[in-house]
Amino acid sequence: MNTKSVTRSRSGRLITAFALAVTVLTPVVASTTASAATTLTVAQALAAQDGRTATVTGFVIGQPTATTTVITSGYTADTAIAIADTAAETSTSRMLYVQVTAAYRSAFGLLTNPGLRGRQVTATGALTAYFSHGGLKNPTALSLGGGTPSPSPTPTASPHPSPSPTGSGPYDSTYYASAVGKTGSALRSSLHAIIRTQTKLNYDQVWEALKDTDQDPANANNVLLLYSGRSQSKASNGGGANDWNREHVWAKSHGDFGTATGPGTDVHHLRPEDVSVNSTRGNKDFDTGGSGVSECAGCYSDADSFEPRNAVKGDVARMIMYMAIRYEGDDGWPNLEINNSVSNGTSPYHGKLSVLLAWNLADPPDAFEKRRNQVIYDRWQGNRNPFVDHPEWATAIWG
């Protein structure tokens, strides 16, 4: 994994004074104790480092590891989070370091929950220095979202709500805040900036990830194969006849990125598939037509294209779209693009755009695809496929 960090861009003290209205409980306690109804911004909390108890709302940026360093991937512990007033903040001088004590680590520690990055959280605790930096220590409440937190921790295996496939969703004001309302190149740029922040897996880890992301809802011991739709034992992965292996939906030769950590291991486009069906698909572009494919009812293939069964045509389209937005050539990997060709060879292009757009409309995200997106976000990469959450954004970008 690559560890990214944000470094304090400027130093100095905040000297802004402000008055904090508080409701004093009975019996009367110290006048600096904020009521549970008072919620501060991060900026206000940084300006009030006097030990008072307060409730603060902000967006999770990463894990603080030093006074001026916050890592945003490759997390090492569950003991602290850095929050800010905007999800895109990069200056540690505008971040509040929040201690995550043992009671809250299973739900709010970033090592366990990397998908919390970019989420809004609300914390109640003492406003006092942490890592010799403006902080909140000894929390008495932590919760997702804004407003007053619950007075007790709420650890769950999946702390995120499942998004709706169209219209506004629960992530629009947080994860997708910078993208909402945009179209065309502006939407594309915003989505790229959002989803490029992720935990990266190696190729061996992909085996375990797929056993989780593609688990058969009707049989926890099996995975569902993408093209063929067959339910198969998780343990039967490998390279032998009728085994399942790791299918690159964006063919890895289209850009020649192989299986090194990066696009070659991004589970948003890696799926379990029967070895022989995977071989038939090869590195072909996607289009309609051809002859029937053995062991894959409803699939067709010819010399230069592959057509999956109807039930997953939209899934395929949205995986290809994700790759084109995630990999823009600014992180050492090829700039992946969708075009209207079926003869792309080793060029960093994939087609066929007109067909993929039609498939996206004809086969909207189903429960399995939405769950898969959620599991990748919660437990593996900490980023989302925006076209599963908002399939209409495909048309907004590519027409």
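Now for a description of the structure that goes with this document. (Residues numbered from 1 in each chain as written. Predicted model: local features only at pLDDT ≥ 70, side-chain atom pairs only at ≥ 80, totals over all residues. Heavy atoms only, no water.)

Brief notes about empty space enclosed by the protein
Enumeration according to the criterion identifies one cavity of 30 Å³ or more in this entry. Its boundaries defined by the atoms lining it, the largest cavity holds a volume of some 90 Å³. Every residue along the wall of the largest cavity is listed here: His-268, Arg-271, Asp-315, Met-319, Glu-369, Arg-372, Asn-373, Ile-376, Asn-385 and Val-388. Counting only elements with at least two residues in the lining of the largest cavity, the list comes to helix H6 (313-326) and helix H8 (367-380). (1 Å grid on protein atoms, 1.4 Å probe; cavity = no way out; pocket = protein on both sides within 12 Å on 5 of 7 lines; lining within 4 Å. Points joined across faces, edges and corners; volume = space filled by probe spheres on them. Helix = DSSP H or I, 4+ residues; strand = E, 2+ residues; numbered from the N terminus.)

Some remarks on the sheet that holds strand E10 (residues 219-224)
The pairing of strands in a sheet comes from backbone hydrogen bonds and takes either a parallel or an antiparallel form. Here three strands make up an open sheet; going across it, the order is E9-E10-E11 and the pairing antiparallel. Looking at which strands have only one partner, the edges of the open sheet turn out to be strand E9 (215-216) and strand E11 (231-233). Where E9 meets E10, two bridges bridge the pair, whose relative direction is antiparallel. If you follow Asp-216 over to E10, its bridge partner there is Asn-219. (Pairing = 2+ DSSP bridges.)

Here's the deal with H8
In this model, H8 (14 residues) spans 19 Å end to end at C-alpha, consistent with the 20 Å of a helix rising 1.5 Å per residue. Taken across its 14 residues, H8 has ten buried, putting it largely inside the fold. Of all the positions in H8, only Phe-368, Glu-369, Arg-372, Asn-373, Gln-374, Val-375, Ile-376, Tyr-377, Asp-378 and Trp-380 are classed as buried. In this fold, the buried residues of H8 make contact with helix H4 (203-213), E9, E10, strand E13 (270-274), H6 and helix H9 (386-389). Two or three places before Phe-368, at the opening of H8, Asp-366 has a side-chain oxygen 3.3 Å from that residue's backbone nitrogen. Positive phi shows up at Gly-382, right after H8, with a value of about 70°. (Expected span 1.5 Å × (residues − 1). Buried < 20%, exposed > 50% of the residue type's maximum accessible area, 1.4 Å probe, protein only. Contact = heavy atoms within 4.5 Å. Polar contact = N/O pair within 3.5 Å; in protein donor to acceptor, adjacent residues only side chain to side chain.)

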